[in-house]
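Below, each chain spelled out in residue letters.
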Amino acid sequence: MSRIRDIRNEELTAAAIRAVHRHGYAQVTMNDIALEAKASAASINYYFGSKEKLMEATMRRLLGLLRSATVERLCAAQTARARLEALVEANFDDRLFVPAQCSLWVQFWSNAPYSAPLARLQRINRGRVQSHLQAELRQLVAASEVSSVTATLQAYMDGVWLEAAQSGACDAEAARREAALMLRRLVV
């Protein structure tokens, strides 16, 4: 059974995603988010304490979606190649790779160097992705290529997200299909 606080937190983080997508990370105000949530800025302050803490909770929510998508896909993967594909495809999961979340994701990461909590989340996420990719790549490519292929895959995924955020067009199925093609070219 969900607690009222958990339900409300989910509603407020969803409103934050929509408001940041509409107004931009730097410009969005607690009032903008409150209007989106059909709540008061005071109620958001009650649940989160500050805009920065709401933004951190919102990023944690997106990271939770990525983690769930990754675990689901990894559970179905039987080989190193399938696990590598699962790791990349999880980044373009239908629940995650949508315009408002692509916009928010890119804006958060561009603000991470200026916010200790966001920087910490970025380091953790980047390290987790890198570690997972390297674990599978060690079984698929020469040891001397693992770091380079990992960096290329991370740059590729970041680039797809950046392009989606800039264009406003997120086609998760096409992104997964193109990622699979890229993987086939990169990891023979």
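In what follows, the structure referred to is the one given above.
This structure is a prediction, so every number in the text was calculated from the model and none was measured.

Observations regarding the packing of helix H5 (residues 80–90) against helix H9 (residues 172–186)
Direction vectors running N to C along H5 and H9 enclose 140 degrees, while the axes themselves pass 10 Å from each other. Compared by their axis directions, H5 and H9 come out oblique. As for the relative orientation of H5 and H9, their crossing is right-handed in sense. Two secondary-structure elements touch here, H5 through Arg81, Leu84, Glu85, Val88 and Glu89 and H9 through Arg176, Ala179, Leu183 and Arg184. Its residues assigned to classes, the contact of H5 with H9 comprises four nonpolar, no polar and five charged.

Quick look at the packing of helix H6 (residues 99–111) against helix H7 (residues 116–137)
Two elements in contact, H6 and H7, have axes separated by 8 Å at closest approach and are oriented at 110 degrees. Judged on the interaxial angle alone, H7 and H6 are roughly perpendicular. Taken together, the residues of H7 that come into contact with H6 (itself represented by Trp105, Phe108 and Trp109) are Leu118, Leu121, Gln122 and Asn125. Considering only residue class, the contact of H6 with H7 consists of five nonpolar, two polar and no charged.

Brief notes about the packing of aromatic side chains
Taken as a whole and assessed by the stated rule, the structure comprises six aromatic pairs. Between phenylalanine 97 and tryptophan 161 the ring centres are 5.2 Å apart and the planes differ by 80 degrees, which places this aromatic pair in the edge-to-face class. With phenylalanine 97 in the loop between H5 and H6 and tryptophan 161 in helix H8 (residues 146–167), this residue pair connects regions lying 64 residues apart in the sequence. Each member of the pair, phenylalanine 97 as well as tryptophan 161, carries the same accessibility label: buried. Accessibility expressed as a relative area gives 4% for tryptophan 161, which makes it buried. By the ring-pair criterion, three or more aromatic residues cluster together here, those being Phe92, Phe97, Trp105, Trp109 and Trp161.

About the cut-offs
- Residues numbered from 1 in each chain as written.
- Predicted model: local features only at pLDDT ≥ 70, side-chain atom pairs only at ≥ 80, totals over all residues.
- Heavy atoms only, no water.
- Axes fitted to C-alpha atoms, helices over the stretch in contact; angles between N-to-C directions.
- Helix = DSSP H or I, 4+ residues; strand = E, 2+ residues; numbered from the N terminus.
- Parallel < 35°, antiparallel > 145°, perpendicular 65-115°, else oblique.
- Left-handed = near helix turned anticlockwise from the far one by under 90°.
- Contact = heavy atoms within 4.5 Å.
- Nonpolar A, V, L, I, M, F, W, Y, C, P; charged D, E, K, R; others polar.
- Phe/Tyr/Trp six-rings, centres within 6.5 Å; stacked < 30°, edge-to-face > 60°.
- Buried < 20%, exposed > 50% of the residue type's maximum accessible area, 1.4 Å probe, protein only.

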